[in-house]
Amino acid sequence: MSLDIIVRHVEAIKKSGLSIEILDHNGQCFVLVRELVVPSPPWDKHNYDILIAIPTEYDMAALDGFYLGLPYKFQEGTHPRVNGAIISIRNSDWQLVSWHYPDGKPWR
């Protein structure tokens, strides 16, 4: 993994005004995005924090899913794509979201 590429990409995104940072947790690189705006309703809040796991082969390997900061509600319940493992990082719990687009459309 080239940390230089990740740093360049994160710095470019920061220029758009998004609060984003790189962090390491037990050797796994993540990008933490704070207060990502979501439609409310159906979500219970206007924004959420997400963690994006950066693959070892970035940027040759594509991003694949993300973790949503807990707790959350979607339409007074849960979202079917927020169904993966729960991890704890920086005193917060995060649940893996399986979010895939049709073939040929990249994950952004």
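Above this text you will find the structure in question.
Residues numbered from 1 in each chain as written. Predicted model: local features only at pLDDT ≥ 70, side-chain atom pairs only at ≥ 80, totals over all residues. Heavy atoms only, no water.

## Digging into the overall build of the protein chain
To keep it simple, the criterion reads: Counting from the N terminus, the helices are the DSSP runs of H or I reaching at least four residues and the strands are the DSSP runs of E reaching at least two. Radius of gyration means the value over C-alpha atoms here, while the globule rule gives 2.2 Å times the residue count to the 0.38 power. Residue contacts are defined here by distance: any two heavy atoms, one from each residue, within 4.5 Å place the two residues in contact. With residues, only the protein chains shown are counted as cover, and all accessible areas are computed by Shrake-Rupley using a 1.4 Å probe.
Looking only at helices and strands, the protein chain has 1 helix and 6 strands in total. Its C-alpha radius of gyration of 14 Å places the protein chain within 12% of the 13 Å reference for a compact globule of 108 residues. Over its C-alpha atoms, taken along the principal directions, the protein chain stretches across nearly 40 × 30 × 30 Å. Sequence-distant contacts in the protein chain: of pairs separated by 6 or more residues, those separated by 24 or more amount to 38%. Counting every atom, the protein chain has about 7,200 Å² of accessible surface; 52% of that belongs to carbon and sulfur.

## Comments concerning the pairing of strand β1 (residues 19–25)
What counts, and what does not: Criterion used throughout: strands pair if DSSP finds at least two bridges between them.
Strand direction decides the pairing type here: β1 and strand β2 (residues 28–37), joined by 7 bridges, are antiparallel. The residue of β2 that forms the bridge with S19 is R34. Hairpin connection of β1 to β2: 2 residues between the antiparallel strands, including N26 at a positive phi of 55°.

## Concerning the pairing of β2
Here 6 bridges tie β2 to strand β3 (residues 47–53), and the two strands are oriented antiparallel to one another. Opposite F30, over in β3, you have A53 as the bridge partner.

## Some details on helix α1 (residues 3–14)
How we decide: Here the expected span of a helix is defined as 1.5 Å times the quantity of residues minus one.
In this model α1 runs 16 Å from its N-terminal to its C-terminal C-alpha over 12 residues, within 8% of the 16 Å that 1.5 Å per residue would give. For α1, the secondary structure elements touched by its buried residues are β1 and β2.

## Thoughts on the pattern of salt bridges
Using the following cut-off: The salt bridge criterion pairs a side-chain nitrogen of Lys or Arg with a carboxyl oxygen of Asp or Glu, the two atoms within 4 Å. A 1.4 Å probe rolled over the protein chains alone gives each residue an accessible area, and that area as a share of the maximum for its type sets the label: buried under 20%, exposed over 50%, partly exposed in between.
Overall, the coordinates contain 4 salt bridges when judged by the stated rule. Note that E21 is salt-bridged to R34, the shortest N-O span being 3.2 Å. You can see E21 sitting in strand β1 and its partner R34 sitting in strand β2, a full 13 residues away along the chain. In this structure E21 comes out as partly exposed when scored by relative accessible area, which is 25%. With a relative accessible area of 32%, R34 lands in the partly exposed category. Between D49 and R34 there is a salt bridge; the shortest N-O distance is 4.0 Å.

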